[in-house]
Amino acid sequence: MAPLSDSDTTQEEPAALPGDGLREGIVDDLRRRIGDAVIDTHIAPNDDLWVRVSTDAWRQTAEALKAAGFTFFSFLSGLDWLPSPYGKGEEDPTAEPEEPDTEIRPGVTGGDTRFQVFARLVDIDRHVGITVKADVPDDAPAVDSWTTVFAGANWHERECHEMFGIGFNGHPDLRNMYLPGDFEGFPLRKDFPLLSRMIKPWPGIVDVEPMPAQDEPEEDASS
Amino acid sequence: MTMMSDRQQLSYIAGQAADARLNVELETEGMTLNIGPQHPATHGTLRIICRLDGEQVVWAEPGCGYMHRGYEKLTEVRTFPQVTTLVNRIDWLGSFANEVPFILAAEKLMDIEAPPRAQMIRTILFELSRIANVSLFLGDLGVQMGAITPVFLAFRDREYVLNLIEGATGGRFHPNFDRIGGLKDDLPKGWIDETRQVMVKLREFCDIIEDLLFGNEIFQSRMRGIGIIPADIAKDYGLSGANLRASGVDYDLRRDQDLPMAWDKADFKVWTHPDGDSFARCWVRLQETRESCRIVEQLLDQIPAGPIMTKVPRIIKVPEGEAWVSTENPLGEMGYYVVSKGDLGPFRVKIRSASFNNISIVPWVLKGVYVPDVITILASLYFILGDIDR
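What counts and how
- Residues numbered from 1 in each chain as written.
- Chains lettered and ligands numbered in written order.
- Predicted model: local features only at pLDDT ≥ 70, side-chain atom pairs only at ≥ 80, totals over all residues.
- Helix = DSSP H or I, 4+ residues; strand = E, 2+ residues; numbered from the N terminus.
- Buried ≥ 20, exposed ≤ 12 C-beta atoms within 10 Å, placed from the backbone.
- Contact = placed C-beta atoms within 7 Å.
- Pairing = 2+ DSSP bridges.
- Nonpolar A, V, L, I, M, F, W, Y, C, P; charged D, E, K, R; others polar.
- pLDDT = per-residue confidence, 0-100.
- Core = buried A, V, L, I, M, F, W, Y, C linked by C-beta atoms within 7 Å.
- Expected span 1.5 Å × (residues − 1).
- Arc of directions from axis to C-beta.
- Axes fitted to C-alpha atoms, helices over the stretch in contact; angles between N-to-C directions.
- Parallel < 35°, antiparallel > 145°, perpendicular 65-115°, else oblique.

Novice: In this structure, what is going on with the overall build of chain B? I would like to understand it.
Specialist: Helix and strand counts for chain B stand at 16 helices and 8 strands. Overall, chain B is about 95 × 45 × 40 Å in size when its C-alpha atoms are taken along their principal axes. Counting every position in chain B, which comprises 390 residues, the buried fraction comes to 52%. A sequence separation of at least 24 residues applies to 71% of the contacts in chain B between residues at least 6 apart.

So, in structure tokens, the structure goes:
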């Protein structure tokens, strides 16, 4: 048993904060480990690192990153890049509806498909995190499961499956976590309507006075 | 081995046979025990389904979703300033701490920073919400084992902190005080002196809890060596906060990342514990409360003069981009992955809440423990239902 007060389990001097050189080194190391599976990378200066890998190498990436020191599993989830066909529910209900925007514009590191999975891993010793993304094929939305590499991915993949309808090959148990078992549809997909907004528009729009800044929108920003 | 006589050997074989027969007769089918969703020991509507073999749990699975409010979907129909109202309600015992990472992510996308005074007050309120949250945990800990007194002390002393938060923000539980670019208001007159006095009271509270609970023989025997989580398993499951540090992993997002907050201006110790058992998790939280008091006291002396709001347009449009910001919240790593398309509201917000990961280890850690320990292990993992289901 440990004594009630410990004095030697804590590093007194925190390790240096990560720099961009370290992030470039991580990308080079990942390229050495999984080769051409790295499709695109993005480094936000002094901030963060994104890597997009091919769908086939999704699990291999997790193994490679874990071996490279990224042992802390933060989260895994999905992204739906389709613009919402329903807008934000804040438009004037009496106005002519605008032509819905259907162009899929993926975010950082790009993408070719509507859905992407993304996950975040952290290297606790070097204090650096990485966001990994992969495309999910449109015709059969499924990627390999990470559960064999990170046990914590289990629940995140279940959540992602019920919210986005993305399958995870090799996952032991893709039951719903939140929704009833016979629920139809995938709530976080953009084409799933938020029914409360469909029935009744956002009450906030009713009593909003025209804001003075709308007439001269640049005034506050520039002064 | 000494040779047994025939007589001994016969009696030995007969004994073995009798034991075997007894086992066959006493063998029962596994029993399924359902704890919750409404159960005094589950802190809300979490349901735990355990399959038992005698007194031992052989399989356990938490059932979530009784409080799923769909915040990730709701953020997509809100503007950026409106989202803080939602995220306030994720971890309702430390609400202000939920707002900060979201605001920081939006500020990162807009490439602005709050003025130093706002950063300092943010950090102070963040630590106060940690104290309010963890002090209730420390009181509640006793209730799980039948000790009633600590929870009354905790409710009394948490009230001082809630009064402070109310004094500064106007809201006791859901301050909704953080704004993109700064804070809603400055601190009221006399608040700093009052905070100093409350910090003294909270230190006393920590001492009382340490005497009452942590030195208690029953508490130790119920907690020590129970529910051990090794460091590599903890990292695999993404445990964070005190649960991770109690497994000996020295990782604290207040110290280990560069955020526009004021933690680097305070001198504090990140406590870890090598044991990884229930006791360690509770003990780390107790020390953290003390460290939070220290941080608040140090920062109160350093609040700079100046504005509390930077210049932001009145209608906030966040430029296109993606940002991830996480902070060390009372329960662990709380982060927001914000995707903006240049609109008034976010395109997608992934909320990484600490309790979701912290509870995902339950099927692993409950395997093989005895039924009474289920309660203490769950109490020591410390979850808040809103933080699991979101």
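Novice: Before we go on, may I ask you to explain the overall build of chain A in this structure?
Specialist: On a plain count of helices and strands, chain A comes out with 5 helices and 7 strands. Ordering the α and β elements of chain A from the N terminus gives α-β-β-α-β-β-β-β-α-β-α-α. The burial tally for chain A puts 34% of its 223 residues in the buried class. Look at the contacts in chain A between residues 6 or more apart in sequence, and 65% of them connect residues 24 or more apart.

Novice: I would appreciate a short explanation of the pairing of strand β1 (residues 38-44) of chain A in the present structure.
Specialist: Each regular strand displays side chains that alternate between the two surfaces of the sheet. Residue and element names in this part refer to chain A. As defined by bridge partners, β1 adjoins strand β2 (residues 48-53) across 6 bridges and the pair is classed as antiparallel. Residue His42 lies in a different strand from β2, and its bridge partner there is Trp50. Between β1 and β2, which pair antiparallel in sequence order, lie 3 residues; one of them, Asn46, sits at a positive phi of approximately 55°.

Novice: Explain the environment of Gly35 of chain A here, please?
Specialist: Residue and element names in this part refer to chain A. Note on placement: Gly35 falls in the loop between α1 (20-34) and β1. Looking at Gly35, the number of C-beta atoms within 10 Å reads 11, which means it is exposed. Placed 22 residues apart in sequence, Gly35 and Ala57 show a C-alpha to C-alpha distance of 9.9 Å.

Novice: Is there a simple way to explain the interface of chain A and chain B in this structure?
Specialist: Interface size, as often reported, equals the accessible area lost upon joining of the parts. Contact with chain A, which involves 42 residues of that partner, is made by 44 residues of chain B. Contributions of two or more residues to the side of chain A that touches chain B are made by β3 (72-80), α3 (153-164) and α5 (219-222) of chain A. It is β3 of chain A that provides the largest number of residues to the side of chain A that touches chain B, a total of 6 residues. For the side of chain A that touches chain B, the class distribution of residues is 22 nonpolar, 14 polar and 6 charged.

Novice: Sorry if this is basic, but what is going on with the confidence of the model for chain A here?
Specialist: As a note on interpretation, predicted positions should not be read in detail where pLDDT is low. With 74% of its residues at a pLDDT of at least 70, chain A reaches an overall mean of 76. Low pLDDT, under 50, characterises residues 1-7 of chain A; the predicted model gives this stretch 5 contacts beyond four residues in sequence or across chains.

Novice: Explanation requested: the confidence of the model for chain B in the structure shown.
Specialist: Looking at chain B, the pLDDT average stands at 84 and 92% of residues meet or exceed 70. Predicted complex, confidence summary: ipTM 0.81, pTM 0.83.

Novice: Looking at this model, I keep getting lost on the nonpolar core. Mind explaining?
Specialist: Generally speaking, soluble globular proteins have nonpolar side chains that are buried together. Ranked by size, the top nonpolar core spans 155 residues in total, and within it Val117 and Leu121 of chain A together with Ala105, Ala106, Leu128 and Val338 of chain B carry the most contacts. A per-element tally of this core places helix α5 (residues 116-144) of chain B first, with 14 residues.

Novice: Looking at this structure, how should I read the pairing of strand β8 (residues 348-352) of chain B?
Specialist: Residue and element names in this part refer to chain B. Among the 5 residues of β8, 5 are classified as buried, and the element is accordingly described as predominantly covered. The two faces of β8 match: Arg348, Lys350 and Arg352 on one face and Val349 and Ile351 on the other face are all buried. Bridge count between strand β7 (residues 332-340) and β8: 5 bridges; the pairing is antiparallel. Its bridge partner being in β8, Tyr336 is matched across the sheet by Ile351.

Novice: How do you make sense of α5 of chain B when you look at a structure like this?
Specialist: An α-helical turn contains 3.6 residues, so a residue and the one three or four places further along point in the same direction. Residues and elements named next belong to chain B. Counted at 1.5 Å a residue, the expected span for α5 with its 29 residues is 42 Å, and the 42 Å between its end C-alpha atoms agrees. Burial of α5 is extensive: 26 of the 29 residues sit out of reach of the surface. Of the residues trailing α5, Gly146 is marked for its positive phi of about 90°.

Novice: For this particular structure, what's the right way to read helix α2 (residues 58-67) of chain A?
Specialist: All names here are of chain A. Listing the buried residues of α2 in full gives Trp58, Thr61, Ala62, Ala64 and Leu65. In an axial view of α2, the angular spread of the buried residues amounts to 170°, which keeps them on one side of the axis. Where α2 ends, the next residue or the one after it, Gly69, has phi of about 110°, a positive value.

Novice: Mind showing me how you'd approach the sheet that holds β7 of chain B here?
Specialist: Residue and element names in this part refer to chain B. Read from one edge to the other, the open sheet built from 3 strands follows the order β6-β7-β8, with strand pairing classed as antiparallel. Where the open sheet ends on each side, the last strands, each with one partner, are β6 (321-329) and β8. When the angles between neighbouring strand axes are averaged without regard to direction, this sheet yields 10°. With 9 bridges joining them, β6 and β7 adopt antiparallel strand pairing. Bridged to Thr327 within β7 is Met334. Across the sheet, helix α4 (residues 95-110) touches β6 and β7, and the angle it forms with β6 is around 150°.

Novice: Before we go on, may I ask you to explain the environment of Leu46 of chain B in this structure?
Specialist: Residues and elements named next belong to chain B. Inspection of the secondary structure puts Leu46 in the loop between β1 (31-35) and β2 (47-53). Taking the number of C-beta atoms within 10 Å as the measure of exposure, Leu46 has 27 and is therefore buried. C-alpha of Leu46 to C-alpha of Tyr71: the two residues are 25 residues apart in sequence and 18 Å apart in space.

Novice: Honestly, the packing of α5 of chain B against helix α15 (residues 371-381) of chain B in this entry has me stumped. Any pointers?
Specialist: Angle between the axes and distance between the axes: these two values describe a pair of packed helices. Residues and elements named next belong to chain B. Look at α5 against α15: their axes get within 10 Å of each other, and the N-to-C directions meet at 180°. One finds that α5 runs roughly antiparallel with respect to α15. Judged by residue contacts, Asp140, Leu141 and Gln144 of α5 engage Ile375, Thr376 and Ala379 from α15.

Novice: Help me understand the environment of Met67 of chain B, please; the structure alone is not making it clear to me.
Specialist: If you trace the backbone, Met67 of chain B turns up in the loop between β3 (56-63) and α2 (71-75). Through-space distance from the C-alpha of Met67 of chain B to that of Gly225 of chain B is 32 Å; in sequence the pair is 158 residues apart.

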